[in-house]
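# Coordinate inspection notes
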Amino acid sequence: MSLFFVLNGPNLNLLGQRQPEIYGRETLADVDAACRAVATASGHELFFAQSNREYELIDWIHEARGNAAGIVINPGAFSHTSIAILDALNAYEALVIEVHISNIHKREVFRHHSYVSTRADGVIAGLGIEGYSAALRHLIARQTR
């Protein structure tokens, strides 16, 4: 049994309420439930968290070092601004999958670049909340090889 982290950045606590035409009507609780179903079905544990505070995300990434078999991260707007989150992820040695609910490459130009992508082992964008489950299934499959 392995532990996987699913981390969510700023404004994802408003999922289902904020710009549903872009992000959908599902809530962060729906994302949590879907991820837990994937983890539980394969006999793994899950740490699921969201913060609007950059330092909390960094602390969780540090906590994952030596404890988690992989990280799924939706850094939200920190994708485009946070070298600090990139540095924390660079200190993490297992797999990292970056997830975005919307296709950031079809949106404003400033969203096209992600610092996190330079560290991520994979990036999923534009699949809605299903991207989280896909990322987690990928991490689990890679871990059992």
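See the structure printed just above.
Predicted model only: the values in this text are computed from it and were never measured.

## Describing the overall build of the chain
When helices and strands are counted, the chain shows five helices and five strands. Listed N to C, the secondary structure of the chain is β-α-α-β-α-β-α-β-β-α in terms of helices and strands. Expected size for 145 residues packed as a compact globule is a radius of gyration near 15 Å; at 14 Å, the chain falls within 12% of this value. If one aligns the C-alpha atoms of the chain with their principal axes, the spans along those axes are about 40 × 30 × 25 Å. Buried positions account for 49% of the 145 residues belonging to the chain. At a minimum sequence separation of 6, the contacts of the chain that also span at least 24 residues come to 77%. Summing over all exposed atoms, the chain offers an accessible surface of approximately 7000 Å²; the carbon and sulfur share of this is 50%.

## As for the packing of aromatic side chains
What the rule picks out here adds up to two aromatic pairs. When the centroid spacing of 4.7 Å and the interplanar angle of 40° are considered together, the rings of Phe-5 and Phe-47 count as tilted. Highlighted residues: Phe-5 in strand E1 (residues 3-8) and Phe-47 in strand E2 (residues 45-50), separated in sequence by 42 residues. With a relative accessible area of 1%, Phe-5 lands in the buried category. With a centroid separation of 5.9 Å and 65° between ring planes, the pair formed by Phe-47 and Trp-60 is classed as edge-to-face.

## Examining the sheet that holds strand E3 (residues 70-74)
The strands making up a sheet associate through hydrogen bonds between their backbones, and the pairing can be parallel or antiparallel. The strand order across the open sheet built from five strands is E2-E1-E3-E4-E5, with neighbouring strands paired in parallel fashion. A single partner strand is all that each edge strand has here, and the edge strands are E2 and strand E5 (122-125). Put simply, the sheet's adjacent strands are angled 15° from each other on average, direction ignored. Bridging between E3 and strand E4 (residues 95-100) involves four bridges; their strand directions are parallel. Bridge assignment links Val-72 to a residue of E4, and that residue is Ile-97. With respect to the sheet, helix H2 (residues 28-41) is in contact with E1 and E2, its orientation differing from that of E2 by roughly 165°. Sheet strands in contact with helix H3 (residues 54-64) are E1, E2 and E3, and its direction is about 170° off that of E1.

## Quick look at H3
Regarding H3, the residues found buried are Leu-57, Ile-58, Trp-60, Ile-61 and Ala-64. Angular distribution of buried residues about the axis of H3 spans 160°; they occupy a single face of the element. As for H3, its buried residues are in contact with E1, E2, E3 and helix H4 (83-90). Residue Gly-66 follows H3 closely and has a positive phi angle near 75°.

## Let's talk about the nonpolar core
Leu-15, Val-31, Cys-35, Leu-46, Val-72, Tyr-132 and Leu-136 are the most contacted members of the largest nonpolar core, which totals 23 residues. Those elements giving two or more residues to this core turn out to be E1, H2, E2, E4 and helix H5 (130-143). When residues no more than four places from it in sequence are discounted, the contact partners of Leu-15 are Tyr-23, Glu-26, Thr-27, Leu-28, Val-31, Ile-101 and Ile-129. Grouped together as the second largest cluster of nonpolar side chains are 18 residues, Phe-5, Ala-49, Ile-61 and Leu-89 included.

Scoring rules and cut-offs
- Along each chain, residues carry numbers from 1 onward, in the same order as the chain's sequence is written.
- For this predicted model, a pLDDT threshold of at least 70 governs which residues receive local features, and a threshold of 80 or more governs which side-chain atom pairs are given and counted, while totals over whole chains, interfaces and linings are taken from all residues.
- Here the side-chain values reflect all heavy atoms present in the structure, with hydrogen atoms and water set aside.
- Secondary structure elements are taken from DSSP: a helix is a run of H or I of four residues or more, a strand is a run of E of two residues or more, and numbering for both begins at the N terminus.
- Throughout, radius of gyration means the C-alpha value; the globule benchmark is 2.2 Å times the number of residues raised to the power 0.38.
- Exposed residues in this analysis have more than 50% of their type's maximum accessible area, buried residues have under 20%, and partly exposed residues fall in between, with area computed by a 1.4 Å probe over protein chains only.
- Contacts are assigned to residue pairs that have any heavy atoms within 4.5 Å of one another.
- The Shrake-Rupley method, run with a 1.4 Å probe, gives the accessible areas here. Residue values count only the displayed protein chains as cover.
- Working definition: rings of Phe, Tyr and Trp (its six-membered ring) pair if their centres are within 6.5 Å, and the pair is stacked with planes under 30 degrees apart, edge-to-face with planes over 60 apart, and tilted otherwise.
- Two strands make a pair as long as DSSP finds a minimum of two bridges between them.
- All axes here are fitted lines through C-alpha atoms, helices being fitted over the stretch that makes contact, and every angle between N-to-C directions spans 0 to 180 degrees.
- Each direction from the helix axis to a C-beta atom contributes to the arc, which is the arc of those directions.
- Buried Ala, Val, Leu, Ile, Met, Phe, Trp, Tyr and Cys residues that are joined via side-chain atoms within 4.5 Å together make up what is termed a nonpolar core.

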